[in-house]
Amino acid sequence: MIARSACRLRAARVSILQRRALSTPSPPAPAPAPAPSSPPIPRPGPPGKTIRPSAVPSTPHPYTNQQYQPNYRLLTFLAGATLGGIYYLAVVHADAPAPPASSLSPSPSPKASTDEQPTVLPAVFFTTKELAQDRVPVDQIAAARGRPGLYLWGAGIRQGTVFEVPLTTEVARDVALGKGHAACVDANGDLVQWVMPTVPSNGRWDGRTGERVEDVVRPRTTIVGGDLVQVVCTEAHVYAVSRKGRVYRVVKATDSDDATPVRVREPAWWWPFGSDSSTHGVTTFSAENGPIDSLAAGPRHVLGVTTRGRAVSTSSDEASVAGTLPSWKQVEGLEDIGKVAQVACGAQHSLVRSADGRVFGYGDNTFGQLAQDIKLTTLSTPTQLTLTPPSARCTSIAAGGNTTLLTLRTTTSPSTDVAACGTGLSGQLGDGTWSHVTARGVQPVRSVSGLTEWHEDDRTIRGVGVRNLAVAVGGGHCGIVVGGGANGGGETAGASRGGSWFGGRKRSGDDGLLYGADVMLWGANGSGQLARNDGKKTNSPVPVHPFPIAYAEEGRFSEDGGRMQVALAGDVKVKGKTVRAEQRMVLGEGVTGVYMRAI
């Protein structure tokens, strides 16, 4: 009985404990550890007050372990600048012209025997395009002699074509291209004039508006019987000098000028009285220091060299009215330089070259065209130009606009150097720059200076000379004719390289082809006056080769490319007669031309 009661009490107690366990909630599971977070931003001021942004201190970004290093910015900038420079040089050098011809001249070995043939190794490798530009059409010289005449390209002439001026004679004694007009002395010694298209004010010819050369060029004879040998053009007049040294002046041609040619006659040697006169628009006058040997003209002034070697000048604006004739005045300040060999005129400056190779200049020097410090804007008396090197002597001069060109020779080199000074905004200096002024001295035109070539006949290296140097009216572009052999004749050239780079003499292995002298132009090309054989229509600050003329295709440029050469002295058939003539280069405002000159 007692045992049974104890068992019941024990079971009740267990039941009570189980009911308590079920009624008591279980403790919650422990929460996971919170993720690390940035420290709280201290907030100045009591709670509930508006905080200004400037009062909150800066803190690092929570997801950045370190600050951005400034060195990375410098490295990135240097890398970008390097890549940009490489790209710029690649673009610039892609537009660079072919290397100068002097780099192609082989160096003969002093130990080579006279029976060995020299190995000609070019100093550079050419691409197919460059080889096409370097090539000389095999029939160019023969075609030029077979169809002589005056050929022009540039302002007023359709791009890619050449205009042949319809002259009465195919061979001329001299040609001058002025501003809006031109003149030539034909084979008979008569003066012929015609109107030229004017260059647009922006310097570019769009080919759709403006005057066309075939519409305005109508040559007509002005003076007959003067036995003229040279002609120059100013803005308003044309000056021509006769074989006896007399000067004739006539007003420039106009569209409405259909006057009858004036016949003049040279006075007899025994006539004791002067013969200066002005009849029928032709003014005849002479210099007191002797007959005139050569002339040079600017827009408003004319310089002359007398047969006694004196420099004289006259004004083109001096009117011949009321019996007043223009007069020659000797240039003062040149009494002690000896004989004068050559003169040249720019827009407002003048140059005089002495027989011993010195150059003197006077006039405007705003752009450094007199090779003096540009602080000296005007020189009233002739001042000697400083040449580089000082021992150099000048062999020829040319001027136009505000640009001057010179050729220099030294006793230490057989080659000829070309130098320039003045303005070069269109690349007229030829040194690869677009300089506004030449601060002091002359700048070398390096790509056409110091040229040499190998001669097979005596197995020597000789200098390549400059045969023709010119600056266009207005100074827009310049040109030279270089090479052609030492004897100046039109010889044949061998097939070792398709002809000498600047024309050469007869070589072993003669292929019977004629080669001449190379024409090179630089400066403004707004009217296509450079006719660049690389196909570009932009200005060129370095000398480039123009396209050769395809004479057989009625004055078109050769579609096969190559470079232009002019014929050297040789026999030319003119109306059944054989005359001795050579091609010459002539420049005008926005126009370039070549013509066959009687010699």
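Not measured: the values here are computed from a predicted model.

Enquirer: How would you sum up the packing of aromatic side chains? Please name residues and give values.
Expert: Taken as a whole, this structure holds three aromatic pairs when the rule is applied. Ring geometry for Y151 and Y551: centres 5.2 Å apart, planes at 80°, overall edge-to-face. Within this pair, whereas Y151 is found in strand 1 (residues 151-154), its partner Y551 is found in the loop between strand 33 (549-550) and strand 34 (556-557), the two being separated by 400 residues in sequence. Neither residue differs from the other here; Y151 and Y551 are each classed as buried. Ring centres of W153 and F557 lie 5.7 Å apart, and the angle between their planes is 80°; this geometry places the pair in the edge-to-face category. Remark: F557 occurs in strand 34 and W153 occurs in strand 1; sequence separation between them is 404 residues. Of the two residues examined, W153 and F557, each falls in the buried class. Three or more aromatic residues joined by ring pairs form one cluster here, namely W153, F547 and F557.

Enquirer: Residues and numbers for the pairing of strand 21 (residues 393-400), please.
Expert: In summary, the side chains of a regular strand alternate between the two faces of the sheet. Within strand 21, six of the eight residues are buried, leaving the element largely enclosed by the surrounding structure. Pairing geometry for strand 21 and strand 22 (residues 403-409), over seven bridges, is antiparallel. Note on strand 22: the bridge partner recorded for A398 is L405. Adjacent in sequence and paired antiparallel, strand 21 and strand 22 are bridged by two residues, among which G401 carries a positive phi angle near 60°.

Enquirer: I'd love a proper account of the sheet that holds strand 14 (residues 301-306), names of residues and values included.
Expert: One open sheet holds the four strands; their spatial order is 13-14-15-16, and the pairing between them is antiparallel. Among the strands making up the open sheet, the edge pair consists of strand 13 (292-297) and strand 16 (329-330). Relative to strand 16, strand 15 (residues 311-315) is paired through two bridges, and the arrangement is antiparallel. When the sheet's bridge partners are listed, S313 is paired in strand 16 with K329.

Parameters and conventions
- Residues numbered from 1 in each chain as written.
- Predicted model: local features only at pLDDT ≥ 70, side-chain atom pairs only at ≥ 80, totals over all residues.
- Heavy atoms only, no water.
- Phe/Tyr/Trp six-rings, centres within 6.5 Å; stacked < 30°, edge-to-face > 60°.
- Helix = DSSP H or I, 4+ residues; strand = E, 2+ residues; numbered from the N terminus.
- Buried < 20%, exposed > 50% of the residue type's maximum accessible area, 1.4 Å probe, protein only.
- Pairing = 2+ DSSP bridges.

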